[in-house]
Amino acid sequence: APRFWNVSASRRPSASLLSSSVAMCPPADNNRAVVVVDPLSTGATISARIVDRGYEVIRLWSSDCPADLRTHTSPDAKDCFAVTLEHDGGMGVDALEVTAQALHKLPYHIEAIICGSEPGVTLTDALAEHMGMRGNGTELGHVRRHKFNQSEAVRAAGQRAVRQVLAKSVYEACAFVTDFPQPFRAIVKPVESAGSEDVHLCHSVEDVAKHVGAVLGKVNALGAVNEAVLVQEFLAGTEYIVDFVSRDGVHKCTAVWAYDKRPANGGSFVYFGQRPLSIESAVARDLIQYTRRVIEALGIRNGATHSEVIVDAEGSPCLVECNCRAQGGNGEWVPVIEPLSGYSQVSALIDAFLDGPAFDALPSEPQPFNGFGMLCFLVSYKEGTLVSSPGMTQLRQLRSHLGSALEVKEGARLVKTINVFTELGMATLLHEDPEAVEADYVRLHELCLDDNFLTVEEDGPEVSAAEGKAPGPESISDVALSRDPTHLEYELVSTLPQ
């Protein structure tokens with residue numbers, strides 16, 4: 001049966017890493033409530049914003065959300081939850097009815113059920129359908145949660161999709177890639193995971209065999225066993241994020257971002273940053289049109305989607321995956337995009353479920369920006385015990401610096417960054433002058449490369465910094481992956497630094 005914890009007795013302020021101000025989570029003045037399924041990562045930000053609008057939030061953990069992932073929320077964000085429930089069992093009618101009855105017994109009127117993070121996608125759709133509430137239904141649930149099925153549905157809809165195979169053995173994987181052209185390049189990755197975990201760029205059939213064998217049967221970062229491995233053609237091009245919010249089949253793009261991923265420390269696709277793309281760009285308009293057709297092909301009618309698309313040298317977009325929830329990273333990108341656009345995917349998502357007229361008033365695509373910003377991921381090139389971080393003082397003096405934080409505390413174990421799970425920290429940049437942001441972005445990564453940026457009691461040789469050279473704004477990356485929910489929470493900062 002569902003388990004209850006009442007944590008609403010004391011609501012504490014949610015401290016911002018980006019400013020000295022604090023955002024309170026005031027008690028709701030009525031009995032309206034919203035269920036947020038697996039509210040980790042950006043789900044915690046969504047929950048706090050819902051409370052700010054005068055609703056109570058019921059935290060519902062799905063059986064798909066591992067216990068260790070549930071800790072990836074801001075400590076202060078917990079105080080925004082009136083009640084916590086846990087769904088036991090699968091998606092059968094009986095299990096859903098037990099949870100539905102537990103919700104009905106609460107002293108609240110349930111206004112909406114919203115997905116808070118990747119593990120909660122399946123339960124969100126199933127429970128909303130069971131309770132007759134706004135959602136996407138379950139008919140195409142097997143397509144939306146499965147990367148292989150997504151691409152096949154997009155292909156069936158007449159849109160470009162990646163060449164791929166779902167391999168359940170090393171033999172299947174190798175048979176698929178034997179006719180790949182030279183120079184040989186193939187992508188091997190889990191079907192359901194996050195944060196660049198076990199994603200490999202392979203340069204030979206033997207390399208494919210090695211990595212497929214290592215991934216099959218392994219428990220991934222989302223707590224699931226990799227029963228199959230996705231093997232795909234290598235898509236060379238620029239990688240983009242395309243975020244949408246939908247309400248009753250009306251799809252509105254809230255932002256387009258360009259990724260900057262590079263090789264570092266032996267990792268093929270290490271996150272270095274993401275920059276918002278202006279609607280004035282032709283590629284942004286093409287991405288929005290393509291992604292809207294993807295969303296339709298996947299049967300999405302309600303909620304947020306976070307798609308990752310590669311555009312090749314010919315300008316042709318191709319889906320890598322569409323995540324049926326808001327962009328991750330604990331909403332750390334919100335204080336970058338909201339001052340530029342006036343709203344974000346988080347605010348639009350809440351409008352879609354709780355304020356139809358406000359959603360209707362939003363533009364169908366983001367409007368030209370008021371300034372420029374950047375989300376930056378700090379890369380570690382050292383391993384050992386973190387003693388201090390003197391370079392952060394210089395980083396915080398950058399002209400466009402908005403906020404920054406390390407995800408590794410002094411005295412804790414530090415590892416070299418190879419994926420999202422091993423990032424050193426993050427920083428946000430915001431300024432009226434785009435050139436100031438771009439210059440600071442290059443300088444920021446130069447600081448990370450500096451041997452004096454961190455003081456570490458090392459336990460191994462340092463990796464050469466040559467792989468981490470900071471390119472300019474035309475950085476090219478080669479594959480799109482889902483962001484992982486292991487980042488810190490940030491408040492909205494509504495003014496641009498001068």
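All values reported here derive from a predicted model rather than from experimental measurement.

> Which residues make up the packing of aromatic side chains, and what are the values?
The tally for this structure, following the rule as stated, stands at four aromatic pairs. Ring geometry for Tyr-271 and Phe-377: centres 5.8 Å apart, planes at 75°, overall edge-to-face. A residue pair is termed long-range when its members are at least 10 positions apart, and Tyr-271 in strand β13 (residues 267-276) and Phe-377 in strand β16 (residues 372-378) qualify at 106 residues. Using a relative accessible area of 0% as the deciding quantity, one classes Tyr-271 as buried. Classification of Phe-377 by relative accessible area gives buried; the value is 0%. Members of the aromatic cluster, connected to one another through ring pairs, are Phe-176, Phe-180 and Phe-184. Between the NZ or CZ atom of Lys-252 and the centre of the ring of Phe-359, over which it lies, the distance is 4.8 Å. Positioned above the aromatic ring of Tyr-259 is the side chain of Lys-261, whose terminal nitrogen or guanidinium carbon lies 4.9 Å from the ring centre.

> So what's going on with the side chain of Gln-150? Residues and values would help.
Structurally, Gln-150 can be placed in helix α5 (residues 147-156). Discounting chain neighbours no more than four positions away, the residues touching Gln-150 are Val-143, Arg-144, Leu-298, Leu-319, Glu-321 and Cys-322.

> For the state of the cysteines, give the residues involved together with the corresponding values.
Counted by the stated rule, this structure contains zero disulfides. Not engaged in a disulfide, the cysteine Cys-174 finds its nearest cysteine sulfur in Cys-202; these two sulfurs lie 9.5 Å apart. Note on Cys-324: no disulfide assigned, nearest cysteine sulfur contributed by Cys-322 at a separation of 4.7 Å.

> Outline the sheet that holds strand β8 (residues 186-190), listing residues and values.
Read from one edge to the other, the open sheet built from four strands follows the order β7-β10-β8-β9, with strand pairing classed as antiparallel. The open sheet terminates on both sides in strands that have one partner only, identified here as β7 (164-167) and β9 (200-202). Geometrically, the sheet is characterised by an average inter-axis angle of 25° between neighbouring strands, direction not taken into account. When β8 meets strand β10 (residues 229-233), the two strands line up antiparallel, connected through five bridges. Bridge pairing links Ile-187 to Gln-232 in β10. The strands touched by α5 within the sheet are β7, β8 and β10, with β7 carrying the most contacts at an inclination of about 145°. Running over the sheet, helix α6 (residues 170-177) touches β7, β8 and β10 and is turned about 165° from β7.

> Go over helix α10 (residues 345-354) with me, naming the residues and quoting the values.
Summarising burial for α10: 10 of the 10 residues are buried, a large majority. Of the positions making up α10, those classed as buried are Gln-345, Val-346, Ser-347, Ala-348, Leu-349, Ile-350, Asp-351, Ala-352, Phe-353 and Leu-354. The N-cap residue of α10 is Ser-344: its side-chain oxygen and the backbone nitrogen of Val-346 are 3.2 Å apart.

> Got a sec to walk through the nonpolar core? Specific residues and values, please.
In terms of nonpolar packing, the biggest core is built from 42 residues, with Val-34, Ile-50 and Leu-354 touching the most fellow members. Setting aside anything within four residues of it in sequence, one finds Leu-354 in contact with Val-34, Ile-50, Tyr-55, Glu-111 and Ala-112. With 27 residues, the next largest nonpolar core counts Phe-244, Leu-277, Ile-288 and Cys-322 among its residues.

> Tell me about the pattern of salt bridges, and name the residues and values.
This model, assessed by the stated rule, comprises 16 salt bridges. For the salt bridge of Arg-145 with Glu-118, the shortest nitrogen-to-oxygen distance reads 3.2 Å. With Arg-145 in the loop between α4 (141-144) and α5 and Glu-118 in the loop between β6 (109-115) and α3 (121-130), this pair connects stretches of sequence that are 27 residues apart. Accessibility classification places Arg-145 together with Glu-118 in one group, the buried group. A salt bridge links Arg-443 to Glu-446, with the shortest nitrogen-to-oxygen separation between them at 3.5 Å. Of this pair, Arg-443 and Glu-446 both sit in helix α13 (residues 434-449), three residues apart, which is roughly one turn of the helix. Put simply, Glu-118, Arg-145 and Arg-325 are held in one network by salt bridges that share partners.

Parameters at a glance
- Residues numbered from 1 in each chain as written.
- Predicted model: local features only at pLDDT ≥ 70, side-chain atom pairs only at ≥ 80, totals over all residues.
- Heavy atoms only, no water.
- Phe/Tyr/Trp six-rings, centres within 6.5 Å; stacked < 30°, edge-to-face > 60°.
- Helix = DSSP H or I, 4+ residues; strand = E, 2+ residues; numbered from the N terminus.
- Buried < 20%, exposed > 50% of the residue type's maximum accessible area, 1.4 Å probe, protein only.
- Lys NZ or Arg CZ within 6 Å of the ring centre and 35° of its normal.
- Contact = heavy atoms within 4.5 Å.
- Disulfide = S-S within 2.5 Å.
- Pairing = 2+ DSSP bridges.
- Axes fitted to C-alpha atoms, helices over the stretch in contact; angles between N-to-C directions.
- Polar contact = N/O pair within 3.5 Å; in protein donor to acceptor, adjacent residues only side chain to side chain.
- Core = buried A, V, L, I, M, F, W, Y, C linked by side-chain atoms within 4.5 Å.
- Salt bridge = Lys/Arg side-chain N within 4 Å of Asp/Glu carboxyl O.

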